[in-house]
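# Fold and geometry: a report
Below are the chains, spelled out letter by letter.
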Amino acid sequence: MTLAEFREEIRKLKETKKYPELKSYLLPALWIAEKNFPAITHDVMRVVSEELSVPLVEVEEVARFYAMFHTEKKGKFIIRVCTNLSCMLRGGEEVLSELCRLLNVKPGETTPDGLFTVEEYECMGLCDGAPAVTVNEDRYTNVEVEELPEILKKYGWKG
Ligand code: FES
């Protein structure tokens, strides 16, 4: 997506008149940015700021606050591993550790080929299927360390 296209998407969002104040479109606008750019850069934030009449510094604060937004370049697939209580008790930390070993990254890092970013995550609401992992929008529950290679292969991991 180009910045001009992004600007157009925000305008369409505003035309929905879903919220009474422009500022309320901030999270939906950043979500569009997250899905369509490798990172929410300052140029992207500036478009949001201009279209929503929100100071750039506020856009940046929100973009940096929420873990679901990436202000640094991320991989094509973001793998999130929950290590919160339920998942920790059922092996979430082992899953994270093995995933990092397989991909040779630390939590928060992206593989050199730009395919995967691994993130440690706090509860994704899948506690009844702990330990839980997501890959972009896909959800995996009751994940066992042994299944990780098969999961990764679905997203182009060559091992
Ligand atoms: S504790 Fe892991 S999904 Fe809730």
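Here the structure is shown first, and the text comes after it.
An account of the accompanying structure is given in this report. (Residues numbered from 1 in each chain as written. Predicted model: local features only at pLDDT ≥ 70, side-chain atom pairs only at ≥ 80, totals over all residues. Heavy atoms only, no water.)

Let's shift gears to the packing of aromatic side chains. Applying the stated criterion across every chain yields a total of 7 aromatic pairs. Centre to centre, the rings of F65 and Y66 are 4.9 Å apart; their planes meet at 90 degrees, and the pair counts as edge-to-face. Overall, F65 belongs to the exposed group, its relative accessible area being 63%. Residue classification places Y66 among the partly exposed residues on the basis of a relative accessible area of 32%. For the pair Y66 and F69, a centre-to-centre distance of 6.2 Å together with 85 degrees between the ring planes defines the contact as edge-to-face. Overall, the relative accessible area of 6% leaves F69 in the buried class. Of the aromatic side chains, those joined through ring pairs into one cluster are W31, F65, Y66 and F69. (Phe/Tyr/Trp six-rings, centres within 6.5 Å; stacked < 30°, edge-to-face > 60°. Buried < 20%, exposed > 50% of the residue type's maximum accessible area, 1.4 Å probe, protein only.)

Another point: helix 2 (residues 26-36). Of the residues making up helix 2, those classed as buried are L26, A29, L30, I32, A33 and E34. The secondary structure elements touched by the buried residues of helix 2 are helix 1 (3-15), helix 3 (42-52), helix 4 (56-65) and strand 1 (77-82). (Helix = DSSP H or I, 4+ residues; strand = E, 2+ residues; numbered from the N terminus. Contact = heavy atoms within 4.5 Å.)

So, about the layout of surface pockets. Size it by volume and the largest pocket reaches roughly 560 Å³. Lining of the largest pocket is provided by 22 residues; of these, W31, I78, R80, N136 and E137 occupy positions nearest its centre. Within the residue set of the lining of the largest pocket, elements represented by two or more residues are helix 2, strand 1 and strand 4 (138-140). Residue contributions to the lining of the largest pocket peak at 4 residues, all from helix 2. Classifying every residue of the lining of the largest pocket gives 8 nonpolar, 5 polar and 9 charged. Each of two domains, domain 1 (3-65) and domain 2 (77-153), supplies a minimum of three residues to the lining of the largest pocket. Contributing to the lining of the second largest pocket are A67, H70, T71, E72, K73, K74, G108, T110, T117, E119, E120 and Y121. Of the residues contributing to the lining of the second largest pocket, the split by class is 2 nonpolar, 5 polar and 5 charged. (1 Å grid on protein atoms, 1.4 Å probe; cavity = no way out; pocket = protein on both sides within 12 Å on 5 of 7 lines; lining within 4 Å. Points joined across faces, edges and corners; volume = space filled by probe spheres on them. Nonpolar A, V, L, I, M, F, W, Y, C, P; charged D, E, K, R; others polar. Domains from an automatic or database assignment.)

For the rest of this paragraph, the subject is the pairing of strand 2 (residues 116-121). Among the 6 residues in strand 2, 5 count as buried, and that is most of the element. Pairing between strand 1 and strand 2: 6 bridges, direction parallel. From the neighbouring strand, I78 faces strand 2, where its bridge partner is T117. (Pairing = 2+ DSSP bridges.)

The next point concerns the packing of helix 2 against helix 3. In contact at an axis separation of 11 Å, helix 2 and helix 3 are set at 150 degrees when each is read in the N-to-C sense. Between helix 2 and helix 3, the crossing angle belongs to the class labelled roughly antiparallel. When the axes of helix 2 and helix 3 are compared, the crossing they make is right-handed. On the side of helix 2, the interface is formed by L26, A29, L30 and A33, while helix 3 contributes V44, V48 and L52. Its residues placed into classes, the contact of helix 2 with helix 3 shows 7 nonpolar, no polar and no charged. (Axes fitted to C-alpha atoms, helices over the stretch in contact; angles between N-to-C directions. Parallel < 35°, antiparallel > 145°, perpendicular 65-115°, else oblique. Left-handed = near helix turned anticlockwise from the far one by under 90°.)

Okay, a negative patch on the surface next. On the surface, a cluster of negative charge is contributed by E93, E94, E120 and E122. Secondary-structure assignment places E120 in strand 2. Given the relative accessible area of 43%, E120 is considered partly exposed. (Patch = residues over 30% accessible without salt bridge, like charges linked within 9 Å, V, L, I, M, F, W, Y side chains within 5 Å. Areas by Shrake-Rupley, 256 points an atom, 1.4 Å probe, with all protein chains shown as cover. Salt bridge = Lys/Arg side-chain N within 4 Å of Asp/Glu carboxyl O. Lys, Arg positive; Asp, Glu negative; His and termini not counted. Charge placed at Lys NZ, Arg CZ, Asp CG, Glu CD.)

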